[in-house]
Amino acid sequence: AESEEIKNKRLALLMDINSMKESEMQTLKKLEEKQLPSGGFPWFDGGEANLYITQHILAGFGHLQKIAPEKSMIFENITSKAILFLDTTFENQKASKEKTVNYNKFNNLHFLYARGFYLDKTPLSSKMKTLIQEEIQDLQSNWLSLSLYQKGLLALTMHRLNEKKFAKKIINHLKETAATNSDFGMYWIANKNGYYWYESAIETQALLIEAFSEIENDEKLVEKMKVWLLKQKQLNHWPTTKATTEATYALLLHGENWNDKKGTYYLSTKKTN
């Protein structure tokens, strides 16, 4: 008894779902082809393994695992190799006793964040636990000097490594330094774009949403923080594909579904540029 129009709409939806599944598998295949035998990923074909891009890809799969846990098996082959590569690199770096400059500290923090998504499925070895404990002690001693993004990384890392008291300490600090108003929700005045990879305003807000969602579990605060993200899209733009994926992940996290009517409302209440 259904009308032909309804049938056509359902058929179109089914075809779109099948198309997305096919695209998803093609993307995974491309990633597998680009992954080096070591488990690392290069920036470009033919290049050497790069720690940052490998960690970024591993964290991206961690995000996907959070919002679609049923999909984790289809990319486990990729993530298991990347984890082995990153763990080995971290151990070798520590064994070389090289002088740790700021870049290595921040890169190691990014590694700990990415690695934190897989602690249940791929537990840390005793050696890794010892090395990571040394690393986080160093980070804890100077955490106030970190950028907003790095504080978010550290808070999530501490929480996942069961240093929950310290994670809460960082969250309380972030609460105290935040600004709030009815137009932009909850945000940080110090959150500005900069030169380094950890100085993207959109990515920083998205990461802080993740931290508040996972550690604080305060739906009201998370919803206020999402307002700022959508306002940036409305008044300006999300500048890169990386920022867009991070923002989208944040909007799909804890709380209301901003991918539906509410997000559309915020984006349509004012004329965009």
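Reading the values: the criteria
Residues numbered from 1 in each chain as written. Predicted model: local features only at pLDDT ≥ 70, side-chain atom pairs only at ≥ 80, totals over all residues. Heavy atoms only, no water. Salt bridge = Lys/Arg side-chain N within 4 Å of Asp/Glu carboxyl O. Helix = DSSP H or I, 4+ residues; strand = E, 2+ residues; numbered from the N terminus. Buried < 20%, exposed > 50% of the residue type's maximum accessible area, 1.4 Å probe, protein only. Phe/Tyr/Trp six-rings, centres within 6.5 Å; stacked < 30°, edge-to-face > 60°. Axes fitted to C-alpha atoms, helices over the stretch in contact; angles between N-to-C directions. Parallel < 35°, antiparallel > 145°, perpendicular 65-115°, else oblique. Left-handed = near helix turned anticlockwise from the far one by under 90°. Contact = heavy atoms within 4.5 Å. Expected span 1.5 Å × (residues − 1). Polar contact = N/O pair within 3.5 Å; in protein donor to acceptor, adjacent residues only side chain to side chain. Core = buried A, V, L, I, M, F, W, Y, C linked by side-chain atoms within 4.5 Å.

Draft legend 1. Layout of the pattern of salt bridges. Counted under the stated rule, the structure contains 12 salt bridges. Where Lys127 meets Glu91, a salt bridge forms, and the shortest distance between an N and an O atom there is 3.8 Å. Of the two residues, Lys127 sits in helix H5 (residues 126-141) while Glu91 sits in helix H3 (residues 76-95), which places them 36 residues apart along the sequence. Taking relative accessible area as the criterion, Lys127 reaches 47% and is therefore assigned partly exposed. Between Glu203 and Lys242 there is a salt bridge, with its nearest N and O atoms 2.5 Å apart. One end of the pair, Glu203, is in helix H8 (residues 201-216); the other, Lys242, is in helix H10 (residues 241-252), and 39 residues separate them in sequence. One network of salt bridges, in which partners are shared, links Lys66, Arg160, Glu210 and Glu214.

Draft legend 2. Region of interest: the packing of aromatic side chains. The tally for this structure, following the rule as stated, stands at 14 aromatic pairs. Ring geometry for Tyr52 against Trp197: centres 5.1 Å apart, planes inclined by 40°, an arrangement best described as tilted. One end of the pair, Tyr52, is in helix H2 (residues 51-67); the other, Trp197, is in the loop between strand S2 (185-187) and H8, with 145 residues separating them in the sequence. A relative accessible area of 10% places Tyr52 in the buried class.

Draft legend 3. Region of the structure containing the packing of H8 against H10. Running from N to C, H8 and H10 point in directions that differ by 25°, and their axes come no closer than 9 Å. By the criterion of interaxial angle, the relationship of H8 to H10 is roughly parallel. Relative to H10, the crossing made by H8 is left-handed. Here Ile202, Glu203, Ala206, Ile209 and Glu210 of H8 come into contact with H10, specifically with Lys242, Ala243, Glu246, Ala247, Tyr249 and Ala250.

Draft legend 4. The arrangement of helix H9 (residues 219-235) in detail. Taking 1.5 Å per residue, 17 residues should reach 24 Å; H9 reaches 25 Å between its end C-alpha atoms and fits that length. Most of H9 is tucked away, with 12 of its 17 residues classed as buried. What H9 keeps buried is the set Leu221, Val222, Glu223, Met225, Lys226, Val227, Trp228, Leu229, Leu230, Lys231, Gln232 and Gln234. A side-chain oxygen of the first residue of H9 lies 3.2 Å from the backbone nitrogen of Lys220; this N-cap is Asp218.

Draft legend 5. Fine view of the nonpolar core. In terms of nonpolar packing, the biggest core is built from 73 residues, with Phe61, Leu154, Leu174, Trp188, Phe212 and Leu229 touching the most fellow members. Setting aside its immediate chain neighbours within four residues, Phe212 contacts Ile171, Leu174, Lys175, Met186, Trp188, Asn217, Asp218, Leu221, Val222 and Met225.

Draft legend 6. Seen up close, the side chain of Asn107. Structurally, the position occupied by Asn107 is in helix H4 (residues 102-115). Sequence-distant contacts of Asn107, defined by excluding residues within four places in its chain, comprise Leu51, Tyr52 and Gln55.

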